[in-house]
Amino acid sequence: MKLTVTPAKRLAGEIRIPGDKSISHRAIMLGSIAKGDTHISHFLMSDDCLSTIRAFRQMGVPIEITNPETVIVKGQGLHGLKAPNSAIDAGNSGTTARLLAGLLAGQSFNSIITGDDSLRKRPMDRVIIPLRQMGANITGTQDKYLPLSIRGSALKGINYHMPVASAQVKSCLILATLYADTPSRIFEPALSRNHTELMLQAFGGRLDIYNNEIIAYPANQLYGQHVHVPGDISSAAFFITAGLLVPNSTLVLKGVGLNPTRTGILDVYKEMGGDIAIENTSTSGGEPMGDIIVKTSNLEGTVIGGQLIPRLIDEIPVIALAATQAQGTTIIKDAQELKVKESNRIATVVDILSRLGADIEATDDGMVIHGPTPLKGNQVDSFGDHRLAMMAAIAGLIAQGETTINSWECVNISFPGFYDVLSSLQK
Ligand code: S3P
């Protein structure tokens, strides 16, 4: 399916941002292995999260979807999962595959995890290596890729220095340690999103956390909770950027998650001169949230790297778009991880934005963008990557003429209904 976008004169209005994808996955996972019911409100009903629901249903967990955003998970207790009778298909979802690998390594049954064409090309050795150190019996295609074949085994805790900051690897090891007989000590080179840590503590799990070091403990039992999922800042990112770039705009984005491990985009846009304010803050399950008010702004180039990268990794495509409209040069560095996302996001971002007339070059660990350059509509590909499809749609609002995005349907991975929401704001 193709989508054609034409320039917007002005954006205005108030929208509620759909639930956070990372938190929605974790609520299904922890709810499934807890005792008692877990009620999840403002759940993200998207393809990736449905992959996680399907996986746990396959393992005997009753999961009711009572309306599109409310889910009740009938927890089976820590040792209550059943052997799946066929391979678990994580679809496009790296979070499903990598967190499940940890959760399944210490079960009393065997399992297979596979995924779609994109996910089967993404590295799984980053979880295979430390899980094996814990005693897991796990093999992957070429020791590196899905499908993973896991024989449930007795696990022990490890001391592990993660080579890259990755919340998926960290969470995988925390979940595996729930089933181990000794604690694990996990070090990250930079702090990645900490939703697993916050939610696990709310469910009664034990962790000791010192900056970039975590001691994760085996569990006896976890207890079902009410989880309210905040709006996903990674989804809000497209509207924040649109509000900054489209002339005469003011947007109010309600109920957005503001966990400091995720708010790098706000820091960067403020640094670039963006008019962004936060109102109505609150906290739910340890997760801060609030409303974001964004107004059209003149932006300046900046340098983005180091410890900031894990705090905005999924927002880099749309930040690169903003940088094409900023005065001066923007350098994005230390972001090699972009190469192993849903697409190689260094190559694909540069491809899309150059086709639209941006002055952008790929580097080995990021990209360099010279702005401002007027954009011109063209045909671009989403590369099956949801965040690129949405970035291109926002680019289409400020490009001259028509911008057509091929393989648009991948937006359903994280944001079904994205274009309807965007259209409702065009004045
Ligand atoms: C996620 C962690 C990040 C992020 C991904 C979701 C998570 O990946 O890019 O979209 O839910 O833990 P890495 O852990 O590989 O950096």
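A tally of regular secondary structure across the protein chain gives 12 helices and 23 strands. Over its C-alpha atoms the protein chain spans a radius of gyration of 21 Å, differing by no more than 12% from the 22 Å that the globule rule assigns to 427 residues. The C-alpha extent of the protein chain, read off along each of the three principal axes, is 60 × 40 × 40 Å. Out of the 427 residues in the protein chain, the part that is buried amounts to 60%. Look at the contacts in the protein chain between residues 6 or more apart in sequence, and 75% of them connect residues 24 or more apart. Approximately 15200 Å² of the protein chain is accessible, and the part contributed by carbon and sulfur atoms is 48%. In the protein chain, 37 positive and 40 negative side-chain charges are present, and the distance between their average locations comes to 4 Å.

To continue, consider the sheet that holds strand 4 (residues 63–67). A sheet is described by the order of its strands in space; here four strands give the open sequence 4-5-3-14, paired in mixed fashion. For this open sheet the edge positions go to strand 4 and strand 14 (226–228), each flanked by a neighbour on one side alone. Across the sheet, the axes of successive neighbouring strands diverge by a mean angle of 20°, strand direction being ignored. When strand 3 (residues 35–41) meets strand 14, the two strands line up parallel, connected through three bridges. Pairing of Ile40 across the sheet is with Val227, part of strand 14.

This paragraph deals with unusual backbone geometry. With glycine set apart, most residues show a phi of negative sign, and most peptide bonds adopt trans. Residues Leu146 and Pro147 are joined by a peptide bond in cis, for which omega reads -10°. As for its position among the elements, Pro147 is in strand 9 (residues 145–151). The omega torsion of the bond from Gly371 to Pro372 falls at -5°, within 30 degrees of zero and hence cis. Mapped onto the fold, Pro372 is located in the loop between strand 21 (366–371) and strand 22 (379–381).

As enumerated under the stated definition, the model contains five aromatic pairs in all. Considering the side-chain rings of Phe238 and Phe418, the 6.0 Å spacing of their centres and the 80° angle between planes classify their relative orientation as edge-to-face. Residue Phe238 is located in helix 7 (residues 233–245), and its partner Phe418 is located in helix 12 (residues 418–424); the two are separated by 180 residues in the primary sequence. Neither Phe238 nor Phe418 differs from the other in exposure class; each is buried.

Moving on, we get to the sheet that holds strand 18 (residues 303–304). Pairing is mixed in the open sheet, where four strands are placed in the order 18-19-21-20. The open sheet is flanked by strand 18 and strand 20 (359–363), the only strands paired with a single partner. Across five bridges, the pairing between strand 19 (residues 328–332) and strand 21 is antiparallel. Bridge pairing in strand 21 places Ile331 opposite Val368. Of the strands in this sheet, strand 18, strand 19 and strand 21 touch helix 9 (residues 316–324), which is tilted by about 25° from strand 21.

Attention now goes to the environment of Ala392. Along the chain, Ala392 turns up in helix 11 (residues 386–398). In this structure Ala392 comes out as buried when scored by relative accessible area, which is 0%. Once the C-alpha coordinates of Ala392 and Asp314 are considered, the two residues, 78 residues apart in sequence, prove to be 15 Å apart. Excluding anything up to four places from it in sequence, Ala392 contacts Ile352, Val380, Thr403 and Ile405.

Now for the domain arrangement of the protein chain. Domain annotation of the protein chain identifies domain 1 (3–19 + 230–424) and domain 2 (21–228). Inter-centroid distance (C-alpha atoms) of domain 1 to domain 2 is 28 Å. Each partner contributes to the interface: domain 1 provides 30 residues, whereas domain 2 provides 28 residues. Of the roughly 2400 Å² buried between domain 1 and domain 2, counting both surfaces, carbon and sulfur atoms make up 48%. Taken together, the connections running from domain 1 to domain 2 amount to four salt bridges.

In the vicinity of the ligand, the residues found are Ser22, Arg26, Thr95, Ser166, Ala167, Gln168, Arg193, Ile313, Asp314 and Lys341. One nitrogen or oxygen atom from the side chain of Ser166 is found 2.7 Å from an oxygen atom belonging to the ligand. A distance of 2.9 Å separates an oxygen atom of the ligand from a polar atom in the backbone of Ala167. The fraction of the free accessible surface of the ligand (390 Å²) that becomes covered by protein chains is 95%. Secondary-structure elements contributing two or more residues to the shell around the ligand are helix 1 (21–33) and helix 5 (167–178). Broken down by class, the residue content of the shell around the ligand amounts to two nonpolar, four polar and four charged. Both domains that meet at the shell around the ligand, namely domain 1 (3–19 + 230–424) and domain 2 (21–228), each give it at least three residues.

Quick look at helix 1 now. Taking 1.5 Å as the rise per residue, helix 1 with 13 residues should run 18 Å; its terminal C-alpha atoms sit 19 Å apart, in good agreement. Extensive coverage of helix 1 is indicated by the burial of 13 of its 13 residues. Regarding helix 1, its N-cap is Asp20, as a side-chain oxygen of that residue lies 3.0 Å from the backbone nitrogen of Ser22 further along.

About the cut-offs
Residues numbered from 1 in each chain as written. Predicted model: local features only at pLDDT ≥ 70, side-chain atom pairs only at ≥ 80, totals over all residues. Heavy atoms only, no water. Helix = DSSP H or I, 4+ residues; strand = E, 2+ residues; numbered from the N terminus. Rg over C-alpha atoms; globule rule 2.2 N^0.38 Å. Buried < 20%, exposed > 50% of the residue type's maximum accessible area, 1.4 Å probe, protein only. Contact = heavy atoms within 4.5 Å. Areas by Shrake-Rupley, 256 points an atom, 1.4 Å probe, with all protein chains shown as cover. Lys, Arg positive; Asp, Glu negative; His and termini not counted. Charge placed at Lys NZ, Arg CZ, Asp CG, Glu CD. Pairing = 2+ DSSP bridges. Axes fitted to C-alpha atoms, helices over the stretch in contact; angles between N-to-C directions. Phe/Tyr/Trp six-rings, centres within 6.5 Å; stacked < 30°, edge-to-face > 60°. Domains from an automatic or database assignment. Buried area = accessible area lost by both parts, 1.4 Å probe. Salt bridge = Lys/Arg side-chain N within 4 Å of Asp/Glu carboxyl O. Near = heavy atom within 4 Å. Polar contact = N/O pair within 3.5 Å; in protein donor to acceptor, adjacent residues only side chain to side chain. Nonpolar A, V, L, I, M, F, W, Y, C, P; charged D, E, K, R; others polar. Expected span 1.5 Å × (residues − 1).

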